[in-house]
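# Breakdown of the fold
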Amino acid sequence: MFRSLPAPSLAGSLIASLWLACAATIAHAEPVAEVQALAQKEQQPLLDTLRDLVSIESGSKDVEGLNVIAGRVADQLKQLGGTVEILQPTDVYRLDDTPEKIGPAVHATFKGTGSAKIMLIAHMDTVYLKGMLKDQPFRIDGDKAYGLGIADDKQGVALILHAVAMLQKLNFKDYGTLTVLTNGDEEISSPGWRSTITKFAADQDVVFSFEGGGTDGTLRLATSGIGSAYLTVIGKSSHAGARPEGGINALYELSHQVLQMKDLSKPEQGLKLNWTVSKAGTNRNVIPAEATAQADARALKVSDFDELEKALQDKIKNKLLPDSKVSLKFEVRRPPLEANDASRRIAAYGKTIYQELGMPLKVDEKATGGGTDAAFAALKTKGAVVEGMGLSGFGAHSNDAEYVKIDSIVPRLYLTTRMIMDLSTGKLK
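This write-up is about the structure you can find in this document. One numbering rule holds for all chains: residues counted from 1, following each sequence as written. Residues qualify for local features only when their pLDDT is at least 70, as the model is predicted, and side-chain atom pairs are given and counted only at 80 or more; totals for whole chains, interfaces and linings, by contrast, use all residues. With hydrogens and water excluded, all non-hydrogen atoms of the structure serve as input to the side-chain values.

### Description of the sheet that holds strand β11 (residues 290–299)
Across the sheet, which stays open at both edges, the four strands sit in the order β10-β11-β9-β12 with antiparallel pairing between neighbours. The open sheet has two edge strands with one neighbour each: β10 (272–280) and β12 (325–334). Pairwise comparison of adjacent strand axes, ignoring direction, gives a mean angle of 15° for this sheet. Across nine bridges, strand β9 (residues 225–234) lies against β12 in antiparallel orientation. Directly across from isoleucine 234, in β12, lies its bridge partner lysine 325. The contact criterion used is simple: two residues touch if any of their non-hydrogen atoms lie within 4.5 Å. To obtain each axis, a line is fitted to C-alpha atoms, and for helices this fit is confined to the stretch in contact; angles are then taken between N-to-C directions over 0 to 180 degrees. Put simply, DSSP marks the helices as runs of H or I at least four residues long and the strands as runs of E at least two long, and each gets a number from the N terminus on. Most of the contacts of helix α6 (residues 250–260) go to β11, to which it runs at about 15°, and overall it touches β9, β10, β11 and β12. In this description, strands pair whenever DSSP reports at least two bridges between them.

### A few points about the pattern of salt bridges
Take a side-chain nitrogen of Lys or Arg and a carboxyl oxygen of Asp or Glu: if they are within 4 Å of each other, that pair is a salt bridge. Using the criterion set out here, one finds 23 salt bridges in the structure. Ionic pairing is found between arginine 51 and aspartate 48, a salt bridge with its closest N-O pair at 3.5 Å. Separated by three residues within a single helix, arginine 51 and aspartate 48 lie in helix α2 (residues 33–54), roughly one turn from each other. For every residue, the accessible area (1.4 Å probe, protein chains only) is compared with the maximum for its type, and the residue is labelled buried under 20%, exposed over 50%, or partly exposed between those bounds. Given a relative accessible area of 37%, arginine 51 falls into the partly exposed group. Looking at aspartate 48, the relative accessible area reads 27%, which means it is partly exposed. Salt-bridge contacts for aspartate 314 lead to lysine 317; the nearest nitrogen and oxygen are separated by 3.7 Å.

### Notes on helix α8 (residues 341–356)
Residue count minus one, scaled by 1.5 Å, sets the expected span of a helix. Its 16 residues place the ends of α8 23 Å apart at the C-alpha level, agreeing with the 22 Å of an ideal helix rising 1.5 Å per residue. Residues of α8 that are buried include every one of Ala342, Ser343, Ile346, Ala347, Tyr349, Gly350, Ile353, Tyr354 and Glu356, and no others. Along the long axis of α8, the arc covered by the buried residues comes to 160°, so they all point the same way. On its buried face, α8 is in contact with β7 (206–209), β8 (219–220), β13 (363–364), β14 (384–386) and α10 (409–424). As used in this structure description, the phrase polar contact means that two N or O atoms lie within 3.5 Å; if the pair is within protein, one of them must be able to donate a hydrogen and the other to accept it, and residues adjacent in sequence are counted only when both atoms belong to side chains. A side-chain oxygen of the first residue of α8 lies 3.2 Å from the backbone nitrogen of alanine 342; this N-cap is asparagine 340. With its phi angle positive at about 70°, glycine 358 sits one or two positions after the end of α8. Throughout, the arc means that of the directions going from the helix axis to the C-beta atoms.

### A word on unusual backbone geometry
Residue aspartate 153 follows aspartate 152 across a cis peptide bond; omega there is 10°. By secondary structure assignment, the location of aspartate 153 is in helix α4 (residues 150–169). A positive phi angle, near 55°, is found at serine 190, a position not held by glycine. Even without being a glycine, histidine 397 presents a positive backbone phi close to 75°. The topology assignment puts histidine 397 in the loop between β15 (393–394) and β16 (403–405).

### Some details on the packing of α2 against helix α3 (residues 63–79)
At a minimum axis distance of 10 Å, the contact between α2 and α3 shows a crossing angle of 155°. Judged by the angle between their axes, α2 and α3 are roughly antiparallel. Taken together, the residues of α3 that come into contact with α2 (itself represented by Thr49, Asp52 and Leu53) are Ile69, Arg72, Val73 and Gln76. Among the residues making up the contact of α2 with α3, the classes are represented as three nonpolar, two polar and two charged. Note on terminology: angles under 35 degrees are roughly parallel, angles over 145 are roughly antiparallel, angles of 65 to 115 are roughly perpendicular, and the others are oblique. Classes in brief: Ala, Val, Leu, Ile, Met, Phe, Trp, Tyr, Cys and Pro nonpolar; Asp, Glu, Lys and Arg charged; the others, Gly included, polar.

### Let's talk about the sheet that holds β15
Pairing is antiparallel in the open sheet, where four strands are placed in the order β4-β5-β16-β15. Of all the strands in the sheet, just β4 (139–141) and β15 have a single pairing partner and so form its edges. For β15 and β16, the ladder comprises two bridges, and the chain directions are antiparallel. In the sheet register, phenylalanine 394 faces β16, and the bridge partner there is tyrosine 403. Packed on one face of the sheet, α4 meets β5 (144–146), β15 and β16 and runs near 55° to β16.

### Quick notes on the environment of threonine 113
With respect to the helices and strands, the residue threonine 113 is situated in the loop between β2 (105–111) and β3 (117–123). When near neighbours in sequence (up to four residues on either side) are disregarded, threonine 113 contacts Lys173, Asp174 and Tyr175.

### A short note on a nonpolar patch on the surface
Candidates for patches are residues over 30% relative accessible area with no salt bridge; among them, like charges are joined within 9 Å and nonpolar side chains (Val, Leu, Ile, Met, Phe, Trp, Tyr) within 5 Å. Working definition of accessibility: Shrake-Rupley area with a 1.4 Å probe, residue cover restricted to the visible protein chains. Judged by side-chain polarity, Leu251, Tyr252 and Leu320 come together as a nonpolar surface patch covering roughly 300 Å² of accessible area. Within the secondary structure, tyrosine 252 is located in helix α6.

### Concerning the packing of aromatic side chains
Stacked, edge-to-face and tilted are the three classes for Phe, Tyr and Trp ring pairs, Trp counted by its six-membered ring, which pair at centre distances within 6.5 Å; planes under 30 degrees apart are stacked, over 60 edge-to-face, the rest tilted. As enumerated under the stated definition, the model contains four aromatic pairs in all. Measuring from ring centre to ring centre gives 5.5 Å for tyrosine 146 and tyrosine 403, while their planes differ by 55°; the resulting arrangement is tilted. Within this pair, whereas tyrosine 146 is found in strand β5, its partner tyrosine 403 is found in strand β16, the two being separated by 257 residues in sequence. For the pair shown, tyrosine 146 and tyrosine 403 are each scored as buried. Distance and angle both matter: a charge sits over a ring if NZ of Lys or CZ of Arg is within 6 Å of the ring centre and within 35 degrees of the ring normal. A cation over a ring is seen here: arginine 139 above tyrosine 146, with NZ or CZ 4.1 Å from the ring centre.

As structure tokens, then:
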């Protein structure tokens, strides 16, 4: 027997009332006092760790400095009870600018009594050259902490260390496995550790990446990928005045190739290809025997890069000068990070945790730039991958203005610790 439904207006009112009641419950939910109090106590120790990390110069090509900071991070993770190893790269994806030697990574695991698999990642390297520390030492000025690489990404390393410390102090071990990975080559597109990040992340339920949250602490669920194309044309030199017909003009062929590739962008789907650098010839009176060009590529989907590379390889078969030799190399410097339902669910829960603190939390599902190790973590996992878990800050890659906001430390420690605890106990699925 059908039960009569309320009139549409009444039904709408009931639904609205229920929604408002739920929203009010969430809005007025109190923070977990023990976790909040501990986060407040952990703020100064975290700043002390940041001071120590900033004081170690660790540019991406400074292997000596990277070994020092890796040792410092590994020691602290060991003190927290983790099974820790300092890894050296064995599977290097050689990019055009990859240095001969790649810095180490620190890998730690903490075994718990539950089943959830949670991974925390950050990077230890910076863009700075050795000797620049004197111009940007650690200092606190008002509500900001300044220092070399402090926002990108030494704050992320410190935040992981002290979130793990909080779990230890709370005697919380309900997770199955808590994995920590900090690498030393992120700023050069992670040639040494991309495959390791992908491998370790493959079976995780959640991966949290601790790049900074920008000035407003936004969580990011998507980033655009970064690719590079390298076009090389080999021709034949000859005297440009006396016998140009004896040469094969590599510049002509290069121009032909670039022009026929200029329309491969698909802005409506976020795929962009732009030729940005070229070089040809040695002397005005010599037919150029070699010419090269480079292009910057961006994409929002991993499959778009695959299709772009195929299109590029197909294009070079069509030559202006049949006797020229044309080759093209395509590098995926960073794959795109694509939002999925799992990451949306985790981020939405993060909003409710911030509401306990009376704070808003922004979540961005649209790609806003590229360059994150979280994208490597997302390649094979079915779980959530959330980027931007780090502190709020500004000035990354600047010579004297890089800082983090001190008042973001307690909320981020609280968020990270609560996320791990609630994922482990099944409150967040």
